[in-house]
Amino acid sequence: MDTETADVTGHDVTTIVCVCGNTVSQDGLIQANAQGVPVFAGGDTPAPAELAAWPADEDLYTLCPTCGRVYRDSVIEETGTAPVAFRVDVAASQIAEAIRVHWNLST
């Protein structure tokens with residue numbers, strides 16, 4: 001089975017063009033944890049219950065909220081490629097609610 005790979009410029013996770021066509025500036029790609037749950041980047045403020053805390057080891061992933069593909073940031077930064085690490089169901093209650101909370105905090 002072939003691994004799906006997104007387009008990325010250089011080794012920069014902010015330049016990912018998801019396999020589905022989504023980008024950071026389009027429907028927004030979201031930083032996530034190793035389970036694909038969006039993380040909270042609020043510094044010392046406690047994370048809302050729906051969002052994951054920022055990983056202590058900074059093992060970050062990038063979630064496409066449109067299709068559920070998840071990319072591992074360290075692979076992109078090291079290799080300059082963006083293979084899909086895994087997929088999550090963006091319509092599932094936990095992920096869908098986390099995405100909604102993320103967007104509400106971002107606007």
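Residues numbered from 1 in each chain as written. Predicted model: local features only at pLDDT ≥ 70, side-chain atom pairs only at ≥ 80, totals over all residues. Heavy atoms only, no water.

A. Spatial organisation of the overall build of the protein chain. Check the secondary structure of the protein chain and you find two helices and five strands. For the protein chain, the α and β elements follow one another from N to C terminus as β-β-β-β-α-β-α. In summary, the protein chain has a C-alpha radius of gyration of 13 Å against a globular reference of 13 Å for 107 residues, a match within 12%. Along the first, second and third principal axes, the C-alpha atoms of the protein chain reach 35 × 30 × 25 Å. Intrachain contacts of the protein chain at a sequence separation of at least 6 include 54% that bridge at least 24 residues. Counting only carbon and sulfur atoms, one obtains 50% of the accessible surface of the protein chain, whose full area is about 5,900 Å². Once the 4 positive and 15 negative side-chain charges of the protein chain are each reduced to a mean point, those two points are 8 Å apart. (Helix = DSSP H or I, 4+ residues; strand = E, 2+ residues; numbered from the N terminus. Rg over C-alpha atoms; globule rule 2.2 N^0.38 Å. Contact = heavy atoms within 4.5 Å. Areas by Shrake-Rupley, 256 points an atom, 1.4 Å probe, with all protein chains shown as cover. Lys, Arg positive; Asp, Glu negative; His and termini not counted. Charge placed at Lys NZ, Arg CZ, Asp CG, Glu CD.)

B. Structural view of the sheet that holds strand S5 (residues 82-87). If you trace the five strands from one edge of the open sheet to the other, you get S1-S5-S4-S3-S2, paired in antiparallel fashion. Taken across any chain shown, the strands that pair with only one partner, and hence form the sheet edges, are strand S1 (5-6) and strand S2 (30-32). Two strands pair when backbone bridges link them, and S2 and strand S3 (residues 61-63) are joined in this way by three bridges, in the antiparallel orientation. For Gln31, the partnering residue across the bridge sits in S3 and is Thr62. (Pairing = 2+ DSSP bridges.)

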